[in-house]
Number of protein chains: 4
Amino acid sequence: MSDTYGASVTLTVFGESHGPAVGATVTGLAPGVPIDLDFMRAQLDLRRAKGRISTARAEADEVRVVSGMYRGAATGTALTLLIENTNVRSGDYAKTATLLRPGHADYTAYMKYGGHQDARGGGHFSGRLTAPVVAAGSIFTRLLREKGVVIATHLARCAGVDDAPFSDDPAERAAQADLLNRADFAVLDEARGREMTRAIEAAAARGDSVGGVLETVLLGLPAGLGEPFFGSVESTLAALFFSIPAVKGVEFGLGFGFADRFGSTANDPFCMENGRVVTATNHNGGINGGITNGMPVVVRTVVKPTPSIYIKQQTVDFTARQNAELQINGRHDPCILHRARVVQDSLAAFGVADLCGQHFGVRWQEGTAWNMD
Amino acid sequence: MSDTYGASVTLTVFGESHGPAVGATVTGLAPGVPIDLDFMRAQLDLRRAKGRISTARAEADEVRVVSGMYRGAATGTALTLLIENTNVRSGDYAKTATLLRPGHADYTAYMKYGGHQDARGGGHFSGRLTAPVVAAGSIFTRLLREKGVVIATHLARCAGVDDAPFSDDPAERAAQADLLNRADFAVLDEARGREMTRAIEAAAARGDSVGGVLETVLLGLPAGLGEPFFGSVESTLAALFFSIPAVKGVEFGLGFGFADRFGSTANDPFCMENGRVVTATNHNGGINGGITNGMPVVVRTVVKPTPSIYIKQQTVDFTARQNAELQINGRHDPCILHRARVVQDSLAAFGVADLCGQHFGVRWQEGTAWNMD
Amino acid sequence: MSDTYGASVTLTVFGESHGPAVGATVTGLAPGVPIDLDFMRAQLDLRRAKGRISTARAEADEVRVVSGMYRGAATGTALTLLIENTNVRSGDYAKTATLLRPGHADYTAYMKYGGHQDARGGGHFSGRLTAPVVAAGSIFTRLLREKGVVIATHLARCAGVDDAPFSDDPAERAAQADLLNRADFAVLDEARGREMTRAIEAAAARGDSVGGVLETVLLGLPAGLGEPFFGSVESTLAALFFSIPAVKGVEFGLGFGFADRFGSTANDPFCMENGRVVTATNHNGGINGGITNGMPVVVRTVVKPTPSIYIKQQTVDFTARQNAELQINGRHDPCILHRARVVQDSLAAFGVADLCGQHFGVRWQEGTAWNMD
Amino acid sequence: MSDTYGASVTLTVFGESHGPAVGATVTGLAPGVPIDLDFMRAQLDLRRAKGRISTARAEADEVRVVSGMYRGAATGTALTLLIENTNVRSGDYAKTATLLRPGHADYTAYMKYGGHQDARGGGHFSGRLTAPVVAAGSIFTRLLREKGVVIATHLARCAGVDDAPFSDDPAERAAQADLLNRADFAVLDEARGREMTRAIEAAAARGDSVGGVLETVLLGLPAGLGEPFFGSVESTLAALFFSIPAVKGVEFGLGFGFADRFGSTANDPFCMENGRVVTATNHNGGINGGITNGMPVVVRTVVKPTPSIYIKQQTVDFTARQNAELQINGRHDPCILHRARVVQDSLAAFGVADLCGQHFGVRWQEGTAWNMD
């Protein structure tokens, strides 16, 4: 079950960082859904390592669709896509094979897989697995945009620097989302972004890494998506976001800020606006009782600092079963937030697509309007 | 899918607050697993409304096991349990049927179910659905304790008051967990607990409600549980906890505190201790790469203030589609944290049982040791 | 997994023959789907034991819907129904508890459940579990009839006697289906039916039991239902029919008759008829490549003779682990075909509903026409 | 759901006959399970087209394992294998693109996929999809043999010729199974096999095709596998076998022969044999109440004649929506039973592996003995 997610549409990821290829299989696509390879490439490009604030490993990330596509559209049967691993330097990992990297999955992989795991480059635990997630997710991101749903993520905080918040004005917010979705470094305030970059570079210069908070908005969702108990919108998005290596917290709306509120200052009053029911505030982040209420869905994740740092660390030699020191080489990211944001967007798109399918049926994917009317 | 959770064991919840009964079906129990009705009652008692800080609705919560049990043990086929709704006063809700309660699922239920929902008392969205969750969860809580796994939750913060933290000493921590699991009001520091109670009562006195943070520890889990991508321990517990009405955030270990850390201050160094691999710190909350590392799992949820308050609120009359004022009557909790904590324990126990089943197979439930050796 | 079936709608059965109750939970119902308790009772009446050719155990089969129904319609959340076991005489089984009944699940239950099974009256293996299947299935049978889909089953062969075949004329066939669905003993030719009854009574008189073949037609299904590989219409119906205790074979169209055909005498030529594509013959039983082609789906099951006979049999005492003789008492059916046919109809309706949901989405259940147009 | 099968292990198939590749993803493999590429090739070789009684399309069927394998063994994460399509002559299908081939899925694919299907060479409906099934199945076939479980299939009847039956003697039967598993044309009596071959060639010579019956035995299965209601051994194997294009019936033990039996001549008496419980006869084909009883499982499928024949046929031009004549070219099998038998073996191995996982847990795959003791 661990490799597959979803009910009305499913996403299976496979591959290891230094194996032949990584890839994904998507089922539940409606026949005729466009498979837009240019858009897929553009989304992968947002995830690609760039500049001094990313790893030096550069992968072409050429996607090969081996099934389920005919004449540029989904056939309706399983769509599998492959991304070959070409730029592999496993030698970098030889010396650390038995030295457990703190914060990494080395130890837990041993305990789970008993030594049969492909540990090279992190194997199945590598962030490289998120490349096929972005490729597959691009299908749903594109589909949702046709329906008027836009998903966008910014680095709300990184390396101790806060970004500006989203605007409360719907039109401005939509414009911000649009800009974010084309930006290499997704911030709402470019000056803050430059400050973040400098802080990341400073940490990288001393061999260290940084963490931060990613905030995602989902604009244009219809009310009524999600399920009352298991399968709430929160459950769905959280389960997906916690699949992203490094995410250690997920919160909606006010999130942990709810702890110090009273009911009277937490509830969002309903009011009529142009014949539609809306809420005057959006503390609940667009979700009541696990179900969308038509307001923007607002969700934040915390991304821990990349565990691979170049500073010497205390650890254990798993084979010798004794304490040891670890000095990591290899190519690593001092910060992954600017790359991870499109992964978060992609998983959000997938999660929403799955909820739509459960609510509207498979045919929601067809045409340009919701098939709910 | 929404009513059922789990892979190796499944939990289905059903029922409405003012319908005939609420209940749950559990599948995947190994034949012979004890169904301890006394322990089930004791766990339900921890959830029961008590004193001035809870609703005045008192339910006997008598559990009737209608299938899957024979001579006090699981048969191995579907176990269904029923809790009748006896103390129902639907009249209280008549006047609010069309007035959307802010913060509640009234509006989203209309949008999802089109008016066919049983809205009385919140229907399927009621916290009452957590009673069968606790009853079913007690089977797994008991089973895990036999294996040496103890789960315990305290009100880490409530109504603006912080509880004391868990001890770092394993023996003390185990003793604390044991005390929490028998306490009516689960705090580590009783003085802080009294302070919380007073703050809740003060809010209740003016018709308001309060929120807070529940912190759960899972002690004694073996390393190697969980899955690398979808199905991480974080994904599993978060999906379950976000099913609890009012939970709006979930974080593990340092959680959102990771945002301001560097890799060098976030990583947990490994070291040998009595021949076992442990970590010197536990910032990652017992989970690396989605998989348990043998350290205590530490997870916190934020619980928003109960939306049902007695203060007049602005809202919308859904039928008339116009703005309106709402003055709620009925019986409501000014705080649910002290009742919700056993729900969180129960879902944690269920989630762990499911992960164990995926790792060790169904037979992990048998005997008193892990069937991994 | 064993207790639940389905993807877009799910059916979970629970209970034991001599436990407190048997029941079922249905998920995936669209809000507003009628729950017609009169029709449910009528369907259960078709399954009820009657006359000399059935068991003397008479159950009232009163259905109690404990969740998921409000004002006569589905709410959209899990619907659970209960049927209490009232007429239980477990004493009849005391002496056979350790004597394995040939043809029964006594031995395999021991091997699977290790003695924890509730063996009284066959426990979870009892045909009594088919009562909630009929009750739950009635919801889908009714829903499909509103869409113009009629399912009907006759005893194509029983106790060595053949019934007449269905008519090839669509209008006549529809009339036959209608008659079958109201008949106590479902045959197309009443004279043959009386002959069958006499043959059953003759076998019963000497303590023996009989088998036969049930043939089901599904009329009015749209083309395009089913899946190309796993999830074919054949896979779906066969998986469901093989759940019925005593079914040991399932065939579609010519079935095993295909073995001696050539391609030229097996293929169904396509032709146009009133602007629709039809086939000139229906050897494939309405299914090509696992998907409905719009012709009647024709499927037959073989039902083995009831294993509980009053003739002395050779067997094994499981406790003593030695050979023994078995003389069964208790109340048993000399023939179950006339009772099982509505079970087969109910499971067919459930399977079709699940396939419709996968094809048309949940909303196919709404309104009176297919939501495909 | 349609592309994936299984609970404890899952199998997903993807690809189209004339697309880039066909393949499969397997999840739920225990870490360390051998991936024996030589055995995989040998199994694929049994499926390969050979001689005059098969299609002229020859595919190398080179398997590339792109994930989930490390140093010749399963890592425990998703294993994906690819088989490129190299020998593609889509031109053969150009003229029939709009002419519906009788007995084929052409029409139903149009009705299900609305023209978006890749119709070339049958697309996703092609028998070519069974190549990855055999490749993936070989992993389980090999694993089961290590546990002492042998699965073997013979052409029990083909083109009107009966093969000899399996021996009743366990040692002889095991030797027969062993021979079948190395034979190109799987019959128990070679003279009958030559007779079948002649009959197939005679049909092929006049452009026609033949059907038949495949009988599979599963030897060495422990008692206790399978589930009481949904998920019976019969349900599992039937659902899988009905996925094979051309299978139109499945029966167990006496199968449709049960129709004319009495309970007294259908029941299998239990008796002790060398301290084990066995049955004196095996009419029930090794399954009671849906669960294995330790006797050989015996199951037969009927395989309809290949629908692609070279004889002129009446049909419909789907585009013009008028009657038409069809003369098929291309490369087709006059008989597929001798190729399909290893597909049936592979699916049986997969189904058994899934049932074992549900019963014994994932760890059953480890070691050489059942992890049940």
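Treat the numbers as computed from the prediction; the structure is a model and nothing was measured.

About the criteria used
- Residues numbered from 1 in each chain as written.
- Chains lettered and ligands numbered in written order.
- Predicted model: local features only at pLDDT ≥ 70, side-chain atom pairs only at ≥ 80, totals over all residues.
- Heavy atoms only, no water.
- Helix = DSSP H or I, 4+ residues; strand = E, 2+ residues; numbered from the N terminus.
- Rg over C-alpha atoms; globule rule 2.2 N^0.38 Å.
- Buried < 20%, exposed > 50% of the residue type's maximum accessible area, 1.4 Å probe, protein only.
- Areas by Shrake-Rupley, 256 points an atom, 1.4 Å probe, with all protein chains shown as cover.
- Lys, Arg positive; Asp, Glu negative; His and termini not counted.
- Charge placed at Lys NZ, Arg CZ, Asp CG, Glu CD.
- pLDDT = per-residue confidence, 0-100.
- Contact = heavy atoms within 4.5 Å.
- Buried area = accessible area lost by both parts, 1.4 Å probe.
- Salt bridge = Lys/Arg side-chain N within 4 Å of Asp/Glu carboxyl O.
- Nonpolar A, V, L, I, M, F, W, Y, C, P; charged D, E, K, R; others polar.
- Pairing = 2+ DSSP bridges.

1. Re the overall build of chain A
Argument step 1. When you go through chain A residue by residue, the secondary structure sums to nine helices and 18 strands.
Argument step 2. Its C-alpha atoms give chain A a radius of gyration of 21 Å, within 12% of the compact-globule value 21 Å for 373 residues.
Argument step 3. Principal-axis analysis of the C-alpha atoms places the extent of chain A at approximately 70 × 50 × 35 Å.
Argument step 4. Sorting the 373 residues of chain A into buried and exposed places 67% on the buried side.
Argument step 5. Summing over all exposed atoms, chain A offers an accessible surface of approximately 11,500 Å²; the carbon and sulfur share of this is 51%.
Argument step 6. Across chain A, the 35 positively charged side chains and the 39 negatively charged ones have centroids separated by 6 Å.

2. Side note on the confidence of the model for chain A
Argument step 1. Summary statistics for chain A give a mean pLDDT of 92 and a share of 93% for residues scoring 70 or more.
Argument step 2. Model confidence for the complex: the whole-complex pTM is 0.95, and ipTM, which rates the interface, is 0.96.

3. Quick look at unusual backbone geometry
Argument step 1. Here Ala-159 of chain B, not a glycine, exhibits a phi torsion of approximately 50°, which is positive.
Argument step 2. Inspection of the secondary structure puts Ala-159 of chain B in the loop between β8 (150-158) and β9 (161-162).
Argument step 3. Look at Ala-246 of chain C: it is not a glycine, yet its phi comes out positive at around 100°.
Argument step 4. Locating Ala-246 of chain C in the fold gives a position in the loop between α7 (233-241) and β11 (247-252).
Argument step 5. Under the relative-accessibility criterion, Ala-246 of chain C is labelled buried at 16%.

4. Observations concerning the interface of chain B and chain A
Argument step 1. At the interface, 100 residues of chain B touch 99 residues of chain A.
Argument step 2. When residues of chain B are sorted by the area they lose upon contact with chain A, Phe-229, Phe-230 and Lys-248 of chain B head the list and together hold 12% of the total.
Argument step 3. On inspection of chain B and its partner chain A, the count reaches six salt bridges.
Argument step 4. Among the ionic pairs, Glu-234 of chain A bridges to Lys-248 of chain B, the shortest N-O distance being 3.0 Å.
Argument step 5. The biggest single contributor to the side of chain B that touches chain A is strand β11 (residues 247-252) of chain B, with six residues.
Argument step 6. Tallied by class, residues from the side of chain B that touches chain A come to 47 nonpolar, 36 polar and 17 charged.
Argument step 7. Bridge analysis of strand β11 (residues 247-252) of chain A against β11 of chain B gives three bridges, and the strand direction is antiparallel. Paired with Gly-249 of chain A across the strands is Glu-251 of chain B, a residue of β11 of chain B.

5. Re the side chain of Thr-80 of chain D
Argument step 1. Following the sequence through the fold, Thr-80 of chain D ends up in strand β7 (residues 79-84).
Argument step 2. Look at Thr-80 of chain D and you get buried, because its relative accessible area is 0%.
Argument step 3. The residues contacting Thr-80 of chain D, other than those within four sequence positions of it, are Phe-14 of chain A together with Phe-14, Ala-24, Thr-25, Arg-64, Val-65, Val-66 and Ser-67 of chain D.

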